[in-house]
Structures are given as structure tokens and as C-alpha cells.
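# Coordinate inspection notes
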Amino acid sequence: MCENAVLPERNPQTGERLLFLPPKRALSRVPMQTAGKVLVLSDGFLLPELTALSPSQKVLFVLYDGDALPLFGMPDEVGAVIAAGGGEVLRAARFFAAVRRISCLTLPSHAALYGAAEGAGEITIGGETRTVRLADCEIVCSLADMDFCAAYGEILLSRLFVFEQKTLRRFGLCNAEEGLCVWSPSPFDRASLVAANALLRENFTPWAGSALAAKFGPVAAYRRLLTSYIAFFRSDVRRYFVPDYRARAARAGVPYASLDIPTAEELARREALFLRMREDCLGELTRIERADGTHFAAIRALGGTVPGPAPREAVSPLPERFGGLLALARDFGLADV
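Applying the stated criterion to the full structure yields 12 salt bridges. Among the ionic pairs, glutamate 154 bridges to arginine 201, the shortest N-O distance being 3.3 Å. Highlighted residues: glutamate 154 in helix α4 (residues 149-170) and arginine 201 in helix α5 (residues 190-202), separated in sequence by 47 residues. Among the residues examined, glutamate 154 registers a relative accessible area of 9% and is labelled buried. For arginine 201, a relative accessible area of 7% translates into the label buried.

Right, here's the structure in full:
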């Protein structure tokens, strides 16, 4: 069903705390194992199972509204936190657990494990968004209730991330390839999707694809970037074209001084490499694209829909914010491919 997907090579601690259990079984043991009270957070996911805990005098139930500040008004005797839902509520619970130094159990609504496995993440506190350290947590996955479509999209997107890293290395624009391996699930089942995404989340690196995915979803981000990369390697370098770097930095909301602007000599070196690499890179991208029909059919079989590519204009600020192949295209005068 799936071609090889390339994932970071690591023996993640996540694998030791990733559990496939019915929610009721996982939830029932927490109050018994906790001396103090148990704070239960949800964004609506698994609400019937969670509210079944509410008769216990030890359980404090909160429907999360997107801001973590009210959590810190909870009694000092809270000794554990349970969170069910998407990335926002899981990150808030794990931040609360890190500050209070208490145990945390999460029940992700997405098999992509947003908010469940990253070491740090963004949360909103008193209306202000900040990046914070997140506590380790036990991750309980209910395969009958989770959404799997984004998880599949994250694996597709990771293949482009690896392609970008390998290509940049050939240009001499990033360090040697490290921590990459080939993941070949057999069969490509729901539990395998979750396990693969646990690795992706734990080894998360912000890049252009993750920024697009956060706004439009990973499948739409994958489709836009694949189209852009193919167009880039099919294009001719626009010699003697100099982008308006200052204006682009202003539109992207980044300092002009933060841009890495190549010299004319460096551009000539990159152009020579580009011409030598073009055929190989196009061949690899074509092989990736050729498997889309199979992958999209698998996403539909999981109950999802396949969106169109993210809007072309959404790519415009990414070279300045993340660099990568999109910045190389910009320097060649091909920023709008």
C-alpha cells in the first residue's frame, strides 16, 4: 500500500509510553493510582468516557477553551492530569504537568499525535502565545476513535523533508545527513501509522512544510510543495535577476539582516550544481508523485478526503522564514514556481 517512508532514526522514549487501549480501561486506573485529585481536560473528544469519571470526588473536569491560564487556579492537591483531544489541549495539559511536576496521560484525537510527543510546543497563556517545555506523558491511543488522515499526510510530507535535506546537502547548504532511516511497515495498518507519527513528532524540526501543514493540513502542504519542487527543477535559472530581498523580508515579517544573501560567485557555483543535479532530482520527485494515487486511495479508505494543494501564494513568505529549497528558488529568480 505504501512506498518506503523515511523517518528519523532514534530509539524514542515515546515507544515505551505509547499504549493501544480502550479509553475506559486507561482512564479507570488513573484515580486509583493518584493520591491527590485528578484534573481532566478535553476539547470534546471522548466526552462520554471522560464524564464517566466525574462522580468521583477526586476528579476535576474542565472543558478546555484554548487558554491555559485558568488551569493554574486549580487546587494544589491535583496530582495527575488527563487530557483528551487535539494538539492545543494536550500541550496545555503537558505544560501544566511540567510546572506542577505531576503525571500526565493523554488521549490524542489525531493519529498524528499533535501535542502528545513533542518535547516543546506553543500554548496560549493569558492571551499570549509562547513556546514552552512540555512534560513527558503516557499516550493512550484509541484506534476506533482517532482520525488517521493527517497522520498519513505527515508521512507523505516527511518524504519531501528528507528530499529537501538530501538536495541541500548536495548543494553544500546543510550538514551531512544524520538520523535518517527507511520505515517499511508491513502491513501499513493504523497502529503502524501511529507509531511512525510518534517518531515524527518526537523528532520534529520546523520547516516550510510544517508551517504550511499547520495552516492547511499536511496533505495540502505536501501537494503544494511537491508541485513547487517539481516546477523548480523544470525551470531555467533566471540569470542576472536579483530579488528585492528587502521588500520580501518586510512582507514575510522577518529582519532583512537575517537573510542569507548569496554572492554572484556563489550563485554561479549553485547554478552549475543545479544543472548537473536537475535530472536526478526530477527523477526522484517524479517517483514520489507517481505513488500519489495509491496514497490518496489509502487516505480515502481511512475515511478521509484528499484536499487540493495549499494556495500558491501561501508559499511566498516561506523562503525568508525557513530557507531551504524555496530560498534557493528565490535566489535563482524562481520564487513563484
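The subject of this paragraph is the layout of surface pockets. A volume near 430 Å³ is recorded for the second largest pocket. Around the second largest pocket, the lining is made up of 23 residues, and of these Asp260, Phe322, Gly323, Gly324 and Ala327 lie nearest the centre. Here the lining of the second largest pocket takes 5 residues from helix α12 (residues 324-331), the largest share from any one element.

Two pairing modes exist for strands in a sheet, parallel and antiparallel, and in both the strands are linked by backbone hydrogen bonds. Here we have 6 strands laid out as an open sheet, ordered β2-β9-β6-β5-β3-β4, and parallel in their pairing. Here the strands that pair on one side only, and so sit at the sheet edges, are β2 (18-20) and β4 (59-63). Pairs of neighbouring strands in the sheet enclose a mean axial angle of 20°, with direction left out of account. Two strands pair when backbone bridges link them, and strand β6 (residues 103-108) and strand β9 (residues 138-141) are joined in this way by 2 bridges, in the parallel orientation. The partner of threonine 106 across the bridge, within β9, is isoleucine 139. Running over the sheet, helix α1 (residues 23-33) touches β2, β3 (37-42), β4, β5 (78-85), β6 and β9 and is turned about 165° from β6.

Cut-offs and rules
Residues numbered from 1 in each chain as written. Predicted model: local features only at pLDDT ≥ 70, side-chain atom pairs only at ≥ 80, totals over all residues. Heavy atoms only, no water. Salt bridge = Lys/Arg side-chain N within 4 Å of Asp/Glu carboxyl O. Helix = DSSP H or I, 4+ residues; strand = E, 2+ residues; numbered from the N terminus. Buried < 20%, exposed > 50% of the residue type's maximum accessible area, 1.4 Å probe, protein only. 1 Å grid on protein atoms, 1.4 Å probe; cavity = no way out; pocket = protein on both sides within 12 Å on 5 of 7 lines; lining within 4 Å. Points joined across faces, edges and corners; volume = space filled by probe spheres on them. Pairing = 2+ DSSP bridges. Axes fitted to C-alpha atoms, helices over the stretch in contact; angles between N-to-C directions. Contact = heavy atoms within 4.5 Å.

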